[in-house]
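# An overview of the molecular structure
One-letter residues, chain by chain:
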Amino acid sequence: MPPPPPTAVSPTQDDLKRMAAHRAVDYVKSGMVLGLGTGSTAVHAIRRIGDLLRRGELSGIVGIPTSKQTEEQATEAGIPLSDLESHPSVDLAIDGADEVDPHMNLVKGRGGSLLREKMIEGTCERFVVIVDESKLVDYIGGSRLAMPVEVIPFCCNYTLERLRRLFVDSGCTAELRIEKGKPFETDNGNYIVNLYFERDIGDLNDASDRILRLPGVVEHGMFLGMATTLIVAGKLGVTVKEKSELAS
């Protein structure tokens, strides 16, 4: 009897993240200033860039890290680092996302690095977003998982309640992010309020404006109209969508 054919092994979520990250690194060219994202997907891109630098396939790269965690990972990978003050023009940023809607709007920052991510990714010429297919949603908030808002510690529960009231019609609940029995603190010394929605919050630009008008709010995790390229890894392979395609 011939042996049975080998059983196909489905890629794990981490495999999918790696596939998307490696495809994104194809956009990296020698001499670029790169925004280096934060999180479990972005770290695959950081390691890949480090490998290409060691092999001499890339050179002259300067990385701008979006968090202290990313700074450590990039240093370990051998990527030379700088900051926006020294390199205010960023050629390309690569980062993951927690949600992506059909218009390539994003939720980011569940790792707590949303402010630095938005500063760096908002100034780059090309922002490549890398996700596995589980991050695709019909609308922002559609995963029913957190949309983070960075707030100052002063009277943070007062700010939390004001945020919740903004979206009461969307069934919003709000929670202060707690880790190890105390408020999670960002790299900037601030706290994170997580917002959860039962329903669509409507016009995203209006929602953004209302959040940012609240005293005590530093920044929110909606990245609207910023992504230029979306790379999605799924069980059937990797797909690429360009922002320019949305307008056509």
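Everything in this summary refers to the structure shown in the same document. (Residues numbered from 1 in each chain as written. Predicted model: local features only at pLDDT ≥ 70, side-chain atom pairs only at ≥ 80, totals over all residues. Heavy atoms only, no water.)

Our next topic: the environment of Ile211. Relative to the helices and strands, Ile211 resides in helix H6 (residues 204-212). Residue Ile211 is classed as buried on the basis of its relative accessible area, which comes to 0%. Spatially, the C-alpha atom of Ile211 lies 9.2 Å from that of Arg162, the residues being 49 residues apart in sequence. Setting aside chain neighbours within four positions, we find Ile211 in contact with Met147, Val149, Leu163, Leu166, Phe167, Val217, His220 and Met222. (Helix = DSSP H or I, 4+ residues; strand = E, 2+ residues; numbered from the N terminus. Buried < 20%, exposed > 50% of the residue type's maximum accessible area, 1.4 Å probe, protein only. Contact = heavy atoms within 4.5 Å.)

Another aspect to go through is the pairing of strand S11 (residues 191-196). Looking down a regular strand, the side chains alternate between one sheet face and the other. A large share of S11 lies buried, amounting to 5 of its 6 residues. In this sheet, S11 lies alongside strand S7 (residues 147-151) in antiparallel orientation, the contact comprising 5 bridges. Looking across to S11, one finds that Pro148 is bridged to Asn194. The pairing of strand S8 (residues 173-176) with S11 spans 4 bridges and is classified as antiparallel. Bridged to Glu175 within S11 is Asn194. (Pairing = 2+ DSSP bridges.)

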